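Below are the chains, spelled out letter by letter.
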Amino acid sequence: MEKKIIEKVKKQLLSSDKQHVLDALKVIEKDGNPFVIEVLADALVRQDDENIKEDIRQFFMRIKNNNVVKNILEIIENNRFLPEKKFFISLCWQLPLQFDGFYDVFLKIFY
């Protein structure tokens, strides 16, 4: 995904216009890569509209690409995303992704 497109998607994700957010999610679903996961997480914690936040959460719930596992774990470990930490931890059990091999991250979280 080009830097110019990523910047446009970032702006759309932070919009208060639900259609702009939905358009950005469509672009990410079609052309996204693991690097936009942090952009999505940032939009989730910065978005004020609870309905839009739920749309972003639902997008995360549809992820099926194992290439984002490390990105999700980095989000969990980053305090910037603390308001949504529980959600991201729950994703690890709800998504059909391979988180085994990262037990050390979970041990740090829970102990």
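Residues numbered from 1 in each chain as written. Predicted model: local features only at pLDDT ≥ 70, side-chain atom pairs only at ≥ 80, totals over all residues. Heavy atoms only, no water.

This paragraph deals with the nonpolar core. Core analysis: the largest hydrophobic core is formed by 37 residues, its most contacted members being Leu13, Leu40, Phe60, Ile72 and Phe88. Secondary-structure elements contributing two or more residues to this core are helix H1 (3–13), helix H2 (18–31), helix H3 (36–46), helix H4 (50–61), helix H5 (69–77), helix H6 (85–94) and helix H7 (103–110). For this core, the element with the most residues is H3, which contributes eight residues. Not counting residues within four places of it along the chain, the set of residues in contact with phenylalanine 60 comprises Ile37, Leu40, Ala41, Phe87, Phe88, Leu91 and Leu95. (Core = buried A, V, L, I, M, F, W, Y, C linked by side-chain atoms within 4.5 Å. Buried < 20%, exposed > 50% of the residue type's maximum accessible area, 1.4 Å probe, protein only. Helix = DSSP H or I, 4+ residues; strand = E, 2+ residues; numbered from the N terminus. Contact = heavy atoms within 4.5 Å.)

This next bit is on the side chain of serine 15. By secondary structure assignment, the location of serine 15 is in the loop between H1 and H2. Among residues more than four places away in sequence, those in contact with serine 15 are His20, Val21, Gln47 and Ile52.

By the definition in use, this model includes 12 salt bridges. In this structure, arginine 46 engages aspartate 42 in a salt bridge whose closest nitrogen and oxygen atoms are separated by 3.1 Å. Linking arginine 46 with aspartate 42, this pair stays in helix H3, spanning four residues, or about one helical turn. Among the ionic pairs, glutamate 84 bridges to arginine 57, the shortest N-O distance being 2.9 Å. Within this pair, whereas glutamate 84 is found in the loop between H5 and H6, its partner arginine 57 is found in helix H4, the two being separated by 27 residues in sequence. The class for glutamate 84 is buried, based on a relative accessible area of 7%. Using a relative accessible area of 13% as the deciding quantity, one classes arginine 57 as buried. Salt bridges linked by common partners bring Glu50, Lys53, Glu54, Arg57 and Glu84 together as one network. (Salt bridge = Lys/Arg side-chain N within 4 Å of Asp/Glu carboxyl O.)

Interpretation in functional terms is not warranted from these geometric data alone.
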